[in-house]
Amino acid sequence: MQYEEIPTQQIIDRLRQTLEPRIGIADLPLLGTENSALARDEDDEDIALLKAGFDIYNIPITSYQRRLGSAVIAVRKIVRKLLRPVLERQVIYNFANTRVVQTLSIQLQKLQENQQSLEKKIQAEFSSGSPEVTAQLETQQNAIAAFQSEIEQIKAVQQQHTAILEKITAQLLDRQQ
């Protein structure tokens with residue numbers, strides 16, 4: 001049985017395109033095509049997206065309706081005030097998640113750099129593979145895989161929390177109407 005290769009990069013790009021306008025960060029400098037060279041890789045862009053989008057409370061309130069625009073904005077401000085405790089907790093949680101993800105990413109980069117330098121030293125010193133060196137390499141690779149797994153789990157939890165917050169906000173808006 002043959003499996004189709006999942007277009008992971010295309011899925012990530014589509015998610016970014018759909019999520020950026022919703023959370024009001026489409027004009028980030030790091031995400032522009034001319035400035036994308038500033039980010040070392042996609043993980044840096046994701047961390048920049050997390051940093052820019054963690055504060056869901058201070059999103060500008062706008063309305064595109066001409067006649068009811070001021071009323072819609074007033075209602076949205078009232079809803080924001082009612083949701084303030086929930087949103088503030090979510091902002092704190094998002095900020096903590098952002099710091100954890102950034103710290104893990106930095107640690108992962110350091111581990112990868114250490115692994116590369118160790119591999120170079122090992123290849124230079126030992127042309128024939130010794131069991132001790134092989135064990136050290138496997139330990140390094142396992143540590144890197146564990147960090148990558150933790151980062152993915154944190155991202156998944158953050159996405160779940162964002163979805164829950166959106167549901168709560170929608171329910172509160174429905175109750176007020």
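Please refer to the structure placed before this passage.
What you see is a predicted model, and the numbers here were worked out from it, not measured in a lab. (Residues numbered from 1 in each chain as written. Predicted model: local features only at pLDDT ≥ 70, side-chain atom pairs only at ≥ 80, totals over all residues. Heavy atoms only, no water.)

A.B. asks: How do you make sense of the overall build of the chain when you look at a structure like this?
C.D. replies: When you go through the chain residue by residue, the secondary structure sums to five helices and zero strands. Order of helices (α) and strands (β) in the chain, N terminus to C terminus: α-α-α-α-α. Each of the 177 residues in the chain was classed as buried or not, and the buried ones make up 25%. Taking contacts inside the chain between residues at least 6 apart in sequence as the whole, the part at least 24 apart equals 67%. Split by element, the accessible area of the chain, about 13,400 Å² in all, is 54% carbon and sulfur. (Helix = DSSP H or I, 4+ residues; strand = E, 2+ residues; numbered from the N terminus. Buried < 20%, exposed > 50% of the residue type's maximum accessible area, 1.4 Å probe, protein only. Contact = heavy atoms within 4.5 Å. Areas by Shrake-Rupley, 256 points an atom, 1.4 Å probe, with all protein chains shown as cover.)

A.B. asks: Please clarify how helix 3 (residues 69–82) should be interpreted in this entry.
C.D. replies: Structural remark: α-helix, 3.6 residues per turn; residues separated by three or four positions point the same way. Helix length check: helix 3 (14 residues) gives 20 Å between terminal C-alpha atoms against 20 Å at 1.5 Å per residue, within 8%. Taken together, the buried positions of helix 3 are Gly69, Val72 and Val79. The buried side chains of helix 3 occupy one side of the element, clustering within an arc of 90 degrees when seen end-on. Exposed residues pointing more than 90 degrees away from the buried face of helix 3 are listed as Ser70, Lys81 and Leu82. Turning to helix 3, the residues buried within the fold contact helix 5 (131–176). (Expected span 1.5 Å × (residues − 1). Arc of directions from axis to C-beta.)

A.B. asks: Is there a simple way to think about the side chain of Gln115 in this case?
C.D. replies: With respect to the helices and strands, the residue Gln115 is situated in helix 4 (residues 84–125). Ignoring anything within four residues of it in the chain, the contact list for Gln115 reads Gln140, Gln141 and Ile144.

A.B. asks: I tried to follow the pattern of salt bridges on my own but got confused; where do I start?
C.D. replies: Two side chains bearing opposite charge may form a pair once their charged atoms approach each other closely. Taken as a whole and judged by the stated rule, the model has one salt bridge. Note that Glu88 and Arg84 form a salt bridge whose closest N and O atoms lie 2.6 Å from each other. In this pair, Glu88 and Arg84 are both assigned in helix 4, four residues apart and thus about one turn of the helix distant. (Salt bridge = Lys/Arg side-chain N within 4 Å of Asp/Glu carboxyl O.)

A.B. asks: In this structure, what is going on with the packing of helix 3 against helix 4? I would like to understand it.
C.D. replies: Helix packing geometry: the angle between the two helix axes and the distance between the axes. Look at helix 3 against helix 4: their axes get within 5 Å of each other, and the N-to-C directions meet at 65 degrees. Classified by the interaxial angle, the pair formed by helix 3 and helix 4 is roughly perpendicular. Contacts between helix 3 and helix 4 pair Arg80, Lys81 and Leu82 from the former with Arg84, Pro85 and Leu87 from the latter. (Axes fitted to C-alpha atoms, helices over the stretch in contact; angles between N-to-C directions. Parallel < 35°, antiparallel > 145°, perpendicular 65-115°, else oblique.)

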